[in-house]
Amino acid sequence: MKKQLNHIGVLTSGGDSPGMNAAIRAVTRACAYYKINCSGIYRGYQGLIEGDFKELTARSVKNLINRGGTFLKSARSEEFKSPEGQQKAYHNLKKQGIDALVVIGGDGTFKGAEYFGESFDFPIVGIPGTIDNDIRGTDFTIGYDTALNTVVDAIDKIRDTANSHNRLFLVEVMGRDAGDIALNAGIGAGAEEILIPEENLGKDRLLESLQRSRKSGKTSSIIVVAEGDQIGKNIFELADYIESSLENYEVRVTVLGHIQRGGSPSCYDRVLASRLGIGAVEALRNNQRGIMVGIQHKKITAVPFKEAISGHNEIDLDLLRVSDITSI
């Protein structure tokens, strides 16, 4: 039996990702479709504590689907981790007459939502929004596809310079705990090596690979390095090691940094965000709570918060094989 909801709040928390605005838009318009009031909560859980709410309507979220970032802003909140902070948040929700929450973010966002929802018996549904694609229970997270395209475009430009000067470029991409961006963007951009936290390639094997590349006639190379890779303390130390170990290698380092988070979301991320936003509202109407709506095999699914935050999806080892073969 569908629950009669009068008012849903929506917030974004943690790192921003392209497509979050599209998800907010979808939540708002799903609420309008089902005749439910909707409020946006600024600055994530901190805004929840401070009562920073704004009414959202179908018209107030126009021209958002193509905008990167999150217009509701995002912030980390130490205060929300305390019982006092959560009590303030609950008081503000009840004061505003909000019956349920939709939270958009990553595992930290979901951990807070799980604890808060259980502590106050409050209905919450999560939407995975993070460029790292590191949430269990969904094939893709909002922002991941856009970040991949941004990285591939940047590497394509770097390769032009690498070829012009016979240089080896190390390109660091985001991925402290997960190598999805590095692995997929590396294959898509034709990288000679891909270094990810899940697989420790080792310095010796890396040097052997570069030597083989040089003997096969390659005059320039691109190595994509996830920021969480374990070979060196950091990418600059790795560059120094390669230059000191191999003759005739001129090494350059590019750290792509936060450009990976920005930009207009891809069509895929816009569609995914729209589907998940509607799915979140419909899940709450169907009395579901304490879950994340995700996508598996092109179908919208519901995954308990406990499962979503239990660890990362395993890396696709077959992609490592593809990388090894295509980089010969």
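Here is a short report on the structure shown in this document. (Residues numbered from 1 in each chain as written. Predicted model: local features only at pLDDT ≥ 70, side-chain atom pairs only at ≥ 80, totals over all residues. Heavy atoms only, no water.)

1. A word on the layout of surface pockets
Moving on, step 1. Estimated volume of the largest pocket: approximately 810 Å³.
Moving on, step 2. If one sorts the elements of the lining of the largest pocket by residue count, helix α4 (residues 107–120) sits on top with 6 residues.
Moving on, step 3. Residues that form the lining of the largest pocket fall into these classes: 5 nonpolar, 14 polar and 11 charged.
Moving on, step 4. Split by domain, the residues of the lining of the largest pocket number at least three in each of domain 1 (7–143 + 265–309) and domain 2 (145–261). (1 Å grid on protein atoms, 1.4 Å probe; cavity = no way out; pocket = protein on both sides within 12 Å on 5 of 7 lines; lining within 4 Å. Points joined across faces, edges and corners; volume = space filled by probe spheres on them. Helix = DSSP H or I, 4+ residues; strand = E, 2+ residues; numbered from the N terminus. Nonpolar A, V, L, I, M, F, W, Y, C, P; charged D, E, K, R; others polar. Domains from an automatic or database assignment.)

2. Quick word on the packing of aromatic side chains
Moving on, step 1. Applying the stated criterion to the full structure yields 11 aromatic pairs.
Moving on, step 2. Ring geometry for Phe-80 and Phe-116: centres 5.6 Å apart, planes at 35 degrees, overall tilted. Pair noted here: Phe-80 is in the loop between β3 (53–56) and α3 (83–96) and Phe-116 is in helix α4, with a separation of 36 residues, a long-range link. With respect to burial, Phe-80 and Phe-116 carry one shared label: buried.
Moving on, step 3. A network of ring pairs unites the aromatic residues Tyr-45, Phe-80, Tyr-90, Phe-116, Phe-120 and Phe-122 as a single cluster.
Moving on, step 4. Positioned above the aromatic ring of Tyr-34 is the side chain of Arg-285, whose terminal nitrogen or guanidinium carbon lies 4.0 Å from the ring centre. (Phe/Tyr/Trp six-rings, centres within 6.5 Å; stacked < 30°, edge-to-face > 60°. Buried < 20%, exposed > 50% of the residue type's maximum accessible area, 1.4 Å probe, protein only. Lys NZ or Arg CZ within 6 Å of the ring centre and 35° of its normal.)

3. Observations regarding the sheet that holds strand β8 (residues 221–226)
Sheets are built from strands paired through backbone hydrogen bonds, the pairs being either parallel or antiparallel.
Moving on, step 1. The strand order across the open sheet formed by 4 strands is β7-β8-β6-β9, and the pairing between neighbours is parallel. At either end of the open sheet lies a strand with only one pairing partner, and these are β7 (193–195) and β9 (251–255). On average, adjacent strands in this sheet sit at an angle of 20 degrees to one another, irrespective of strand direction.
Moving on, step 2. The sheet contact formed by strand β6 (residues 168–173) and β9 spans 5 bridges and is parallel. Residue pairing in the sheet places Leu-168 in a bridge with Val-251 of β9.
Moving on, step 3. Each of β6, β7, β8 and β9 is contacted by helix α8 (residues 235–245), which is oriented at about 170 degrees to β9, the strand it contacts most. (Pairing = 2+ DSSP bridges. Axes fitted to C-alpha atoms, helices over the stretch in contact; angles between N-to-C directions. Contact = heavy atoms within 4.5 Å.)

4. Quick look at the packing of helix α7 (residues 203–215) against α8
Moving on, step 1. Orientation of α7 relative to α8, taken along the N-to-C sense of each, is 55 degrees, at an axis distance of 11 Å. On the basis of their axis angle, the class for α7 and α8 is oblique. Of the two possible hands of crossing, α7 and α8 adopt the one that is right-handed. Where α7 abuts α8, its residues Lys-203, Asp-204, Leu-206, Leu-207 and Leu-210 lie against Leu-238, Tyr-241, Ile-242 and Ser-245.
Moving on, step 2. Among the residues making up the contact of α7 with α8, the classes are represented as 6 nonpolar, 1 polar and 2 charged. (Parallel < 35°, antiparallel > 145°, perpendicular 65-115°, else oblique. Left-handed = near helix turned anticlockwise from the far one by under 90°.)

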